[in-house]
Amino acid sequence: MECSRRDLGFLLTALLAPGSLFSAEEGMLPAKAYRFEDLPVKTNGDNTSHAILAGKTVPGYGISISENNIAPGGMPHQPHHHETAQALLVFEGTFEVTIAGESTRLGPGSVAYMAPNVEHGIKNVGNTHARYFSVTLSVIKT
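Visitor: Got a minute to help me understand the overall build of the protein in this structure?
Guide: The helix and strand inventory of the protein stands at 1 helix and 9 strands. Shown N-terminal to C-terminal, the secondary structure of the protein runs as helices and strands in the order α-β-β-β-β-β-β-β-β-β. Sorting the 142 residues of the protein into buried and exposed places 33% on the buried side. Of all intrachain contacts in the protein linking residues separated by at least 6 positions in sequence, the fraction that spans at least 24 positions is 66%. Counting every atom, the protein has about 8,400 Å² of accessible surface; 55% of that belongs to carbon and sulfur.

Right, here's the structure in full:
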């Protein structure tokens, strides 16, 4: 599946539209475009990731989006759980996603949703680097 930067822009626009109404509030994410080539790269062995954005959207809610490039046989980290809701959008390659002990193979265009506090993990089970976008939603505690 091919996904252009334009497609990603539409995704980000859809995800952030409510936040743009509140961008004037202190500490809220402003409406802004994020060029992929301008994002800082984080390296972990043969894996890389790009933090795209993180912050408050509408009052009381936060969002974090990243792009992750995982080497064959690699994992971004060990299986874990957290208090946030998270969705993975597979861009290219083949991943095995395990959620609450149930494993599923996902290819391009597939999505996995992890509810808060549910153990999950992801592994590249293909022969080439594989990429996914992670979207994490959280309640900001005051």
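Next comes the rest of the account.
Visitor: Got a minute to help me understand the sheet that holds strand S1 (residues 41–44) in this structure?
Guide: Two pairing modes exist for strands in a sheet, parallel and antiparallel, and in both the strands are linked by backbone hydrogen bonds. Pairing within the open sheet is antiparallel, and its 6 strands lie in the order S1-S2-S3-S9-S4-S7. Each edge of the sheet is formed by a strand with only one pairing partner; in this case those strands are S1 and strand S7 (111–114). Ignoring which end each strand starts from, the neighbouring axes of this sheet average 20 degrees apart. Examined bridge by bridge, S1 and strand S2 (residues 47–56) share 4 bridges and lie antiparallel to one another. When the sheet's bridge partners are listed, Lys42 is paired in S2 with Ser49.

Visitor: Is there a simple way to explain the layout of surface pockets in this structure?
Guide: Regions of empty space are outlined by a rolling probe, equal in size to a water molecule, passed over the atoms. Estimates place the volume of the largest pocket at around 440 Å³. Among the secondary structure elements, those contributing two or more residues to the lining of the largest pocket are S1, S2, strand S3 (61–70), strand S4 (85–92), strand S8 (120–124) and strand S9 (130–139). Residue contributions to the lining of the largest pocket peak at 7 residues, all from S2. Its residues assigned to classes, the lining of the largest pocket comprises 10 nonpolar, 19 polar and 1 charged.

Visitor: So what exactly am I meant to see when it comes to the packing of aromatic side chains here?
Guide: The description of an aromatic ring pair rests on the distance of the ring centres and on the angle between the ring planes. Within the structure shown, the criterion is met by 2 aromatic pairs. Geometrically, the ring pair formed by Phe91 and Phe133 is edge-to-face, given 5.9 Å between the ring centres and 90 degrees between the ring planes. Here Phe91 is found in strand S4, whereas its partner Phe133 is found in strand S9, with 42 residues between them in sequence. Classification of Phe133 as buried rests on a relative accessible area of 7%. Their ring planes at 90 degrees and their centres at 5.3 Å tell us that Phe95 and Tyr132 sit as a pair that is edge-to-face. Taken together, the positions of Phe95 in strand S5 (residues 95–99) and Tyr132 in strand S9 put the pair 37 residues apart, joining distant regions of the chain. Judged on exposure class, the residue Phe95 and its partner Tyr132 are both buried.

Visitor: Just checking my understanding: could you explain unusual backbone geometry for this structure?
Guide: With the exception of glycine, the majority of residues adopt a negative phi angle, and the majority of peptide bonds are in the trans configuration. Unlike most non-glycine residues, Ala100 shows phi in positive territory, near 50 degrees. At Asn117, a position not held by glycine, the phi torsion is positive, near 65 degrees. Turning to its location among the elements, Asn117 is positioned in the loop between S7 and S8.

Visitor: Can you help me understand the environment of Thr57 in this one?
Guide: Within the secondary structure, Thr57 sits in the loop between S2 and S3. Look at Thr57 and you get buried, because its relative accessible area is 11%. Distance in space between the C-alpha atoms of Thr57 and Leu29 is 5.9 Å, their sequence separation being 28 residues.

Parameters and conventions
Residues numbered from 1 in each chain as written. Predicted model: local features only at pLDDT ≥ 70, side-chain atom pairs only at ≥ 80, totals over all residues. Heavy atoms only, no water. Helix = DSSP H or I, 4+ residues; strand = E, 2+ residues; numbered from the N terminus. Buried < 20%, exposed > 50% of the residue type's maximum accessible area, 1.4 Å probe, protein only. Contact = heavy atoms within 4.5 Å. Areas by Shrake-Rupley, 256 points an atom, 1.4 Å probe, with all protein chains shown as cover. Pairing = 2+ DSSP bridges. Axes fitted to C-alpha atoms, helices over the stretch in contact; angles between N-to-C directions. 1 Å grid on protein atoms, 1.4 Å probe; cavity = no way out; pocket = protein on both sides within 12 Å on 5 of 7 lines; lining within 4 Å. Points joined across faces, edges and corners; volume = space filled by probe spheres on them. Nonpolar A, V, L, I, M, F, W, Y, C, P; charged D, E, K, R; others polar. Phe/Tyr/Trp six-rings, centres within 6.5 Å; stacked < 30°, edge-to-face > 60°.

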